[in-house]
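Coordinate analysis (summary)
The chain contents come next:
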Amino acid sequence: MILVICLGSVGSGRGEEVGQEEKDKRLLISDPQVIQAQLEEMQRRIQALEARGNVHQVSQGAVYTIWGKKGCPTVTGTKTIYSGITGGGMFDQTGNGVTTLCLPHDPEALPADFPTHTDAYPYAAYIFGAEYQFGYKNIDVNDDVPCAVCHAQTSASVLMIPAKRTCPGEWMMQYNGFLSAERYDHTGADYICVALNGDYFEGTRAVNADGRLIFPVRAKCGSLPCPPYTENQYVSCVVCTK
């Protein structure tokens with residue numbers, strides 16, 4: 001088997017050869033092992049390019065959750081994947097999860113025979129809805145908290161910045177609001193950014209069922225420097241994409 005590889009002609013670069021006509025050079029390879037090695041190298045390069053293409057395709061768009069709203073913001077390129085109900089652990093229970101979740105309105109049940117047995121029956125972890133613990137504009141104490149999961153189709157990254165209401169540089173603002181967590185003497189939960197102009201669910205207003213409680217966060221001076229922070233000042237937040 002003989003493989004002929006044509007190489008583009010190049011000048012020698014030496015002063016005494018300047019002006020000479022370029023000549024095509026041909027490399028004749030007849031060693032099967034060399035040919036096989038070259039074919040394998042080409043295959044590796046093709047696979048690497050395909051892998052890079054797949055990663056690029058998967059990385060199109062950034063996904064985030066907007067807390068306190070029934071739908072996603074009207075920002076160019078942002079679509080609502082689903083709207084839902086904010087959920088988490090009960091404020092006075094030490095177990096369950098600490099992560100706040102956006103639960104869909106149309107849950108799908110597990111098989112009827114799940115689980116076949118458990119070592120701790122009847123104990124389990126639980127998830128509850130969430131309630132605002134303050135009033136502002138449209139919302140009031142004990143209103144249930146909506147949420148929505150959003151796809152920023154023209155972005156690759158999403159960032160929540162506490163204590164800011166604007167986005168840096170070339171980042172695009174999706175929404176801003178207030179930083180929220182559980183009350184300091186309750187079981188802990190994650191910090192989330194809740195939309196400032198929040199929504200609520202009709203028909204469940206002021207019904208105190210507890211669950212994951214949405215409190216605004218205040219700054220405490222000490223290890224947190226003041227200034228620039230201010231004692232007991234409520235903390236803002238913003239969600240940005242790029």
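Residues numbered from 1 in each chain as written. Predicted model: local features only at pLDDT ≥ 70, side-chain atom pairs only at ≥ 80, totals over all residues. Heavy atoms only, no water.

Section: the confidence of the model for the protein
What counts, and what does not: How sure the predictor is of each residue is captured by pLDDT, a score from 0 to 100. Residue contacts are defined here by distance: any two heavy atoms, one from each residue, within 4.5 Å place the two residues in contact.
On average, residues of the protein carry a pLDDT of 80, and 78% of them reach 70 or more. Low pLDDT, under 50, characterises residues 1–28; the predicted model gives this stretch 27 contacts beyond four residues in sequence or across chains. Note on residues 53–59: pLDDT under 50 across the span, and 2 contacts to partners over four residues away in sequence or across chains.

Points about unusual backbone geometry
Condition: Think of it this way: any DSSP run of H or I at least four residues long counts as a helix, any run of E at least two long counts as a strand, and we number them from the N terminus. Burial status follows relative accessibility: with a 1.4 Å probe on protein chains alone, a residue under 20% of its type maximum counts as buried, one over 50% as exposed, and anything between as partly exposed.
With an omega of -10°, the peptide bond running from Cys226 to Pro227 counts as cis. Among the structural elements, Pro227 can be located in the loop between strand 11 (212–216) and strand 12 (236–241). With an omega dihedral of 15°, the bond running from Pro227 to Pro228 counts as a cis peptide bond. With respect to the helices and strands, the residue Pro228 is situated in the loop between strand 11 and strand 12. At Ala163, a position not held by glycine, the phi torsion is positive, near 65°. Residue position: Ala163 is located in the loop between strand 8 (158–162) and strand 9 (172–181). For Ala163, a relative accessible area of 26% puts it in the partly exposed group. Phi at Asp210 is positive, roughly 60°, even though this residue is not glycine.

Re the environment of Gly211
Mapped onto the fold, Gly211 is located in the loop between strand 10 (192–195) and strand 11. Here Gly211 falls in the buried class, since its relative accessible area comes to 0%.

A look at the state of the cysteines
Let me state the cut-off plainly: Note on disulfides: each one is a pair of cysteine sulfur atoms within 2.5 Å.
Evaluation of the coordinates by the stated rule reveals 5 disulfides. In this model Cys167 forms its disulfide with Cys240; the gap between the sulfur atoms is 2.1 Å. Its S-S torsion of approximately -95° makes the covalent link between Cys167 and Cys240 left-handed. Residue Cys167 is located in the loop between strand 8 and strand 9, and its partner Cys240 is located in strand 12; the two are separated by 73 residues in the primary sequence. Here Cys193 pairs with Cys237 through a disulfide, and the sulfurs are 2.1 Å apart. A torsion of 90° about the S-S bond marks the disulfide between Cys193 and Cys237 as right-handed. Residue Cys193 is found in strand 10, and its partner Cys237 is found in strand 12; the two are separated by 44 residues along the sequence. Overall, Cys237 belongs to the buried group, its relative accessible area being 0%. Sequence-ordered numbering of the bonded cysteines in the protein gives a pairing of 1-4, 2-3, 5-10, 6-9, 7-8.

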